[in-house]
Amino acid sequence: MEHRYRNMFGGVTAALWELDFGETRRMIEATFNAGVRDFRTFIEANTDFLRASMRSTIVVDVNDKTVELYGAPSKAALIGKDISRFWPDESLSVYADSLVAAVEAQPYMLAETELRTWSGDPLHVLHSVAWPTENKGKGTVLVGAIDLSAVRAAEGERRRSDARYRTIFQSTAIAFLEVDLLRARQGRHDGPIARNVTSADRENEGSGCPLDLADAVVTDVNDASVVLFGGSARGDLLGAFDHLWAPTVQAEFSAAIAACLRSDARFETETRLTTLDGREIDVILTAVAPPDAQAETVVIGLLDVTERSAARAALDRMRTEMAHAARVATLGELAASIAHEVNQPLAAIGANSAAASRWLKRADPDLDELRDISDAIGRDAERAGGIVGRIRAMAQKRDPERLPLRIDDVVREVAVFIHHELQAGTVTLDLDLACAQTEVLADHVQVQQVLVNLAVNAVQAMRQAMTINPRLKVTTAPTSVGVEVTVSDNGPGVDAEAAELLFESFFSTKEAGLGIGLAICRSIIESHGGNIEVARSTWGGAAFRFTLTHTGLACGA
Ligand code: ADP
């Protein structure tokens, strides 16, 4: 038994002390002999007694853990000494409890307390005293101490992080709602929340599976939530979803919770909700998944972006109007070319109808010839109609739309459109088109506008610089995300300094230039999810390169 006891004494992770308690026992007996009946009241008022008891309680043995935990130089330094240095005044009541436990013949006592190390540093322990039957008659007690500082630090950290969470939860401008899923888990047996959702479940579930939140409960909200939802107090928002919340809110919340449970991640979306007072608001909605699948609470964050959305819509409208204004301005610049373009088929129609009249005046008109003339008139009328149609499309004020288009077709249309402009400047046009099969999603008129702008700019730059043998080349090439279009010339080119500013509004080197053409080109291209830049062309002139995408969407649009 002695052997087993020694093994246990040395082997446990607790610091153990075997203490000679004999003198204290005698002191206690003396107090009873002196007539004290209520021992607890007596020692609570008598710290001298407690200190005297400590000074006379001598260490018989300690284990290695004691030396380590109390930071003592060695076992020998402890054995034979008293225990008073390890007990600070603020913990005397725990020492008193130990004595009371001994007097009341309790088998052991247990308490959390603060002790001191050998060098006087605080030591937070779980303190236990036992009177093992083996020790009976020896007058010794067994005292144990388990280090709680790590537990306490973790507890402190948890409390601090709780407090931080609460502070953020309560005092931020973002609306936060805690949704308790526990009842949903317990109440349902068919939904993904009813089962305890495991990571495997999360992976297996399809993305479109909505959660039935009928049993979920809003357990806490912050003040910002009350403002956002137009309630008058927090209580307005607490409780079950189904009778309080508009169906749109329920649907969005359940989708958000399902998504974040599925992906183990933070979920974010932009959506529109109905408030308690019936307003429609645009919000960014986030849901934070509980740290483990068994946790019950999901935190939903809502940021009202209604005003921002309105500002963005206003900006979009302004952009559309600017683009329109620029198109009309370009049409103005092209007026001579347009007149010429329309005039040509009209002149041909005039000439052909005169010829037809002449044929008809003959005694025996050649009907085949007349049919040919009539066909030619029809073709020219169609050509004139086509030109007028394109001008009308450019001059029209309309919202941009995304439709599948082949960039090569648009380049060819634009080539026809600026045909006269090129002719007037004796510019040779080269087309190197390799996107016959590639479709991008884009607004037809806007892409046309970009190409016309770049081409007209090039022609004007070459005219201004009096470039000999002016040349314009349009190249298209497919990319992994869409197409890349390059419009290059052999004009004066763009110096590095100007290249930085070119795409800014109101930068122009032309006398009557507005300087908005390239700014609008950039805004059009970027709103399609592409980008535009300028470089030096292989001829030493300017090369404007832009991209368009299959999706036709700007990031975050
Ligand atoms: P604007 O044509 O009214 O000046 P833009 O925004 O279309 O406005 O063009 C801004 C400036 O970019 C022009 O004034 C010109 O200096 C320069 N630029 C545009 N295209 C070319 C080009 N192909 N070669 C040289 N400079 C160019």
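Residues numbered from 1 in each chain as written. Predicted model: local features only at pLDDT ≥ 70, side-chain atom pairs only at ≥ 80, totals over all residues. Heavy atoms only, no water.

### Here's the deal with the confidence of the model for the protein
Reading predicted coordinates in detail is not appropriate for stretches of low pLDDT.
Here is step 1: The predicted model of the protein averages 84 in pLDDT, with 88% of residues at 70 or higher.
Here is step 2: pLDDT under 50 marks residues 187-210. Its contacts with residues more than four places away, or in other chains, come to 40 contacts. (pLDDT = per-residue confidence, 0-100. Contact = heavy atoms within 4.5 Å.)

### Comments concerning the packing of aromatic side chains
Here is step 1: Following the criterion strictly, the structure yields 11 aromatic pairs and no others.
Here is step 2: Summarising the aromatic geometry, the rings of Trp245 and Phe253 are spaced 5.7 Å apart at their centres and angled 45° between planes, so their arrangement reads as tilted. Phe253 carries the same exposure label as Trp245, and that label is buried.
Here is step 3: A connected cluster of aromatic rings, assembled from ring pairs, spans Phe32, Phe39, Phe42 and Phe49.
Here is step 4: The ring centre of Trp118 lies 3.8 Å from the NZ or CZ of Arg85, which sits over that ring.
Here is step 5: In this arrangement the basic side chain of Arg362 is found over the ring face of Trp359, its NZ or CZ atom lying 4.2 Å from the centre. (Phe/Tyr/Trp six-rings, centres within 6.5 Å; stacked < 30°, edge-to-face > 60°. Buried < 20%, exposed > 50% of the residue type's maximum accessible area, 1.4 Å probe, protein only. Lys NZ or Arg CZ within 6 Å of the ring centre and 35° of its normal.)

### A word on the environment of Ile520
Here is step 1: With respect to the helices and strands, Ile520 occurs in helix H20 (residues 517-527).
Here is step 2: For Ile520 and Arg327, which are 193 residues apart along the polypeptide, the C-alpha to C-alpha distance reads 9.7 Å.
Here is step 3: Aside from chain neighbours lying at most four places away, what touches Ile520 is Met322, Ala323, Ala326 and Gln449. (Helix = DSSP H or I, 4+ residues; strand = E, 2+ residues; numbered from the N terminus.)

### What about the site of the ligand?
Here is step 1: In the vicinity of the ligand lie 19 residues, with Ser508, Thr509, Lys510, Gly515 and Leu518 positioned nearest.
Here is step 2: In the model, an oxygen atom of the ligand is placed 2.9 Å from a nitrogen or oxygen of the Asn457 side chain.
Here is step 3: Residue Gly517 places a main-chain N or O atom 3.3 Å away from an oxygen atom belonging to the ligand.
Here is step 4: In isolation the ligand exposes 540 Å². Once the protein is present, 92% of that is buried.
Here is step 5: Looking at the shell around the ligand, the elements with two or more residues in it are helix H18 (444-464), H20 and strand S18 (542-549).
Here is step 6: With three residues, the single largest contributor to the shell around the ligand is H18.
Here is step 7: The residue makeup of the shell around the ligand, split by class, is 10 nonpolar, seven polar and two charged. (Near = heavy atom within 4 Å. Polar contact = N/O pair within 3.5 Å; in protein donor to acceptor, adjacent residues only side chain to side chain. Areas by Shrake-Rupley, 256 points an atom, 1.4 Å probe, with all protein chains shown as cover. Nonpolar A, V, L, I, M, F, W, Y, C, P; charged D, E, K, R; others polar.)

### So, a nonpolar patch on the surface
Here is step 1: A grouping of Leu315, Met318 and Met322 is seen on the molecular surface, where their side chains present a nonpolar patch of about 270 Å² in accessible area.
Here is step 2: Within the secondary structure, Leu315 sits in helix H13 (residues 306-333). (Patch = residues over 30% accessible without salt bridge, like charges linked within 9 Å, V, L, I, M, F, W, Y side chains within 5 Å. Salt bridge = Lys/Arg side-chain N within 4 Å of Asp/Glu carboxyl O.)

### A look at a negative patch on the surface
Here is step 1: A cluster of acidic residues, Asp364, Asp366, Glu369, Asp372 and Asp375, forms a negative patch on the protein surface.
Here is step 2: Of note, Asp366 is situated in the loop between helix H14 (335-361) and helix H15 (367-395). (Lys, Arg positive; Asp, Glu negative; His and termini not counted. Charge placed at Lys NZ, Arg CZ, Asp CG, Glu CD.)

### What about the side chain of Thr547?
Here is step 1: When you line up the elements, Thr547 lands in strand S18.
Here is step 2: Take Thr547: its relative accessible area is 15%, and that puts it in the buried class.
Here is step 3: Of the polar contacts made by the side chain of Thr547, one reaches the backbone nitrogen of Asn531; its length is 3.0 Å.
Here is step 4: If we skip the residues at most four places from it in the chain, Thr547 touches Val483, Glu484, Ile525, Gly530 and Asn531.

### As for the packing of helix H4 (residues 47-56) against helix H7 (residues 92-103)
Two measures define how a pair of helices packs: the angle their axes make with one another and the distance between the axes.
Here is step 1: Running from N to C, H4 and H7 point in directions that differ by 75°, and their axes come no closer than 10 Å. Judged by the angle between their axes, H4 and H7 are roughly perpendicular. Residues Thr47, Phe49, Leu50, Arg51, Ser53 and Met54 of H4 lie in contact with H7, whose contacting residues are Leu92, Tyr95, Ala96 and Leu99.
Here is step 2: A class-by-class count of the residues in the contact of H4 with H7 yields seven nonpolar, two polar and one charged. (Axes fitted to C-alpha atoms, helices over the stretch in contact; angles between N-to-C directions. Parallel < 35°, antiparallel > 145°, perpendicular 65-115°, else oblique.)

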